[in-house]
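# Notes for the structure review
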Amino acid sequence: MTVLMTETGRARGRGLLALLVLTATSFAAVAHEPFQGSLPLGDGKRSSAPKVGALYGCPLPPGGGGAQAAGPWIKGATWVPAEKAVVGGDVAWPEAKLEIKRVGGERIVTGNALPAHATGIFPVRPSEPGYAYDRNPNRIGPRPFEIVLPTEPRPAAQASCVGGPVGVTLSGVVLFDAVDALGRDAPAHEIQDRCNGHPQRQGLYHYHGFSPCVPDAAGAAGRHSDLIGYAFDGFGIFGLKGEGGRELTNADLDECHGHSHSVDWDGRRVEIYHYHLTREFPYSLGCYRGTPRRVPGLAGGPDGHGGPGGPGGPGGRPPPR
Ligand SMILES: [Zn+2]
Ligand SMILES: [Zn+2]
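Structural notes, computed from the coordinates. (Residues numbered from 1 in each chain as written. Chains lettered and ligands numbered in written order. Predicted model: local features only at pLDDT ≥ 70, side-chain atom pairs only at ≥ 80, totals over all residues. Heavy atoms only, no water.)

## Quick look at the coordination of the zinc ion (ligand 1)
- Summarising the metal site, the zinc ion (ligand 1) is bound by the protein donors H224 (NE2), H259 (NE2), H261 (NE2), H274 (NE2) and H276 (NE2), whose distances to it range over 2.1 to 2.3 Å.
- The sequence pattern formed by the donor residues of the zinc ion (ligand 1) is H-x34-H-x1-H-x12-H-x1-H. Separated by 37 residues along the polypeptide, H224 in the loop between α2 (217–220) and β17 (227–231) and H261 in strand β19 (residues 258–265) bring together distant segments of the chain. Pair check on accessibility: H224 and H261 agree, each one buried. (Donors = N, O, S within 2.8 Å, 3.2 Å for Na, K, Ca; no water. Helix = DSSP H or I, 4+ residues; strand = E, 2+ residues; numbered from the N terminus. Buried < 20%, exposed > 50% of the residue type's maximum accessible area, 1.4 Å probe, protein only.)

Here's what the structure looks like:
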């Protein structure tokens with residue numbers, strides 16, 4: 001696989017200033033301890049306005065699919081991640097590609113949405129324990145895309161709703177919001193592999209929140225987490241840890257699941273708004289703080305698996321402007 005991060009500067013007037021190539025080995029061995037304990041279930045926590053701890057979701061199109069039965073790890077109003085079935089397998093994606101270029105005030109992100117790490121085997125095989133709950137019948141495939149983001153995004157006058165894909169991570173994988181096509185808590189209900197990913201109807205492999213397969217060296221070392229990706233409004237998405245290496249909760253973040261303080265941003269120390277992942281719903285963005293850009297090539301629209309439990313989401317809807 002290839003991950004390129006390049007920086008093209010106008011100041012020098014010519015071409016490439018920096019080139020960083022990350023190979024698949026950068027993503028290979030990621031130590032992580034499975035979260036022990038239970039989390040509040042996010043079902044019913046979609047909201048029609050920005051709200052802390054909720055997902056300000058754009059209206060869901062009709063006809064969504066997803067998990068067909070609730071697993072035993074869902075216990076009333078809570079769920080226990082460590083008890084959830086995990087899709088097995090170790091499928092490599094050597095053709096995975098991600099390139100991030102900075103040109104003037106724009107960050108151009110191109111890739112094919114395949115992961116820089118191995119995945120489980122999809123469609124979910126009948127022999128898998130998770131098959132009884134979510135028979136995700138989709139096959140992972142490349143989804144070429146190009147995203148042009150501002151390098152210095154500013155908060156919009158009003159926050160806007162999220163629906164489906166909300167950003168792209170440095171493993172090349174697209175990050176979706178917290179819910180499935182029926183508006184339920186996706187990480188709680190949907191069967192995923194050990195990287196917390198799975199494909200939707202058009203074959204797009206994606207996460208719905210934290211993935212132990214996206215490196216966060218600073219977070220692991222007890223500091224503020226590293227940047228793990230970019231939201232479609234241009235703001236950064238960082239890992240689970242805030243200042244001082246303390247794991248963040250919704251109470252530390254605003255309605256859109258972010259906050260402002262100094263972070264490393266394009267090689268400088270800058271006070272800027274940024275999102276964080278948390279263990280609890282809505283896991284990543286609760287809304288867009290900035291103005292989301294269109295993302296040609298990526299199916300928009302909410303998650304849809306098209307399993308026997310439902311016809312699946314239609315996709316094709318771009319994020320709102
Ligand atoms: Zn922070
Ligand atoms: Zn999904």
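That shown, we press on.
## Looking at the sheet that holds strand β7 (residues 78–79)
- Spatial ordering of the open sheet is given by β3-β7-β6, a layout of three strands whose pairing is antiparallel. Bordering the open sheet on either side are β3 (39–40) and β6 (74–75), each of which pairs with just one other strand.
- Examined bridge by bridge, β6 and β7 share two bridges and lie antiparallel to one another. By the bridge assignment for β7, I74 is matched with W79. (Pairing = 2+ DSSP bridges.)

## Some words on the pairing of strand β12 (residues 165–169)
- Taking burial as the measure, the five residues of β12 include five buried ones, the bulk of the element.
- Sheet topology places β12 next to strand β13 (residues 174–176); three bridges connect them, and they run antiparallel. Following the sheet pairing, V168 is matched in β13 by V174.
- As consecutive antiparallel partners, β12 and β13 are separated by four residues, and within that stretch G172 has a phi angle of approximately 90 degrees, a positive value.
- Judged from the three bridges that link them, β12 and β17 form a sheet pairing that is antiparallel. Paired with V168 across the bridge in β17 is Y230.

## Remarks on the pairing of strand β20 (residues 268–276)
- Sheet analysis places strand β18 (residues 236–238) next to β20, joined by three bridges and oriented parallel. Across the sheet, residue F238 finds its bridge partner in β20, namely H276.
- Of the strand pairs in this sheet, β19 and β20 are connected by eight bridges, and their pairing is antiparallel. What sits directly across from S262, in β20, is E271.
- Taking the residues that link successive antiparallel strands as the turn, the β19-β20 hairpin has two residues, and the phi of D266 there is positive, at about 50 degrees.

## Topic: the environment of T169
- Assignment of secondary structure puts T169 in strand β12.
- A relative accessible area of 2% places T169 in the buried class.
- With near-sequence residues (within four places) excluded, T169 lies in contact with L98, L175, Y207, V214, I228 and G229. (Contact = heavy atoms within 4.5 Å.)

## Concerning the side chain of H224
- With relative accessibility at 16%, the residue H224 sits in the buried group.
- A distance of 3.2 Å separates the side chain of H224 from the side chain of H261, its partner in a polar contact.
- Here the side chain of H224 touches H276 through a polar contact of 3.1 Å, side chain to side chain.
- Ignoring sequence-local partners within four residues, the contact set of H224 consists of A218, G219, F238, K241, G242, E243, G245, H259, H261, V263, H274 and H276. (Polar contact = N/O pair within 3.5 Å; in protein donor to acceptor, adjacent residues only side chain to side chain.)

## What about the state of the cysteines?
- Evaluated as defined, the whole model comprises three disulfides.
- Between the sulfur atoms of C58 and its disulfide mate C161 the distance is 2.2 Å. Here C58 and C161 share a disulfide; its torsion about the S-S bond, 95 degrees, makes the bridge right-handed. Of this pair, C58 sits in the loop between β5 (55–56) and β6 while C161 is found in the loop between β11 (145–150) and β12, placing the two residues 103 residues apart along the sequence. Both residues of the pair, C58 and C161, belong to the buried class.
- Across the disulfide, C256 is cross-linked to C287 (sulfur-sulfur distance 2.0 Å). Between C256 and C287, the S-S torsion sits near -100 degrees, and that sign places the bridge as left-handed. Placement of C256 in the loop between β18 and β19 and of C287 in the segment after β20 is noted, with a sequence separation of 31 residues between them. With respect to class, C256 is no different from C287; both count as buried. (Disulfide = S-S within 2.5 Å.)

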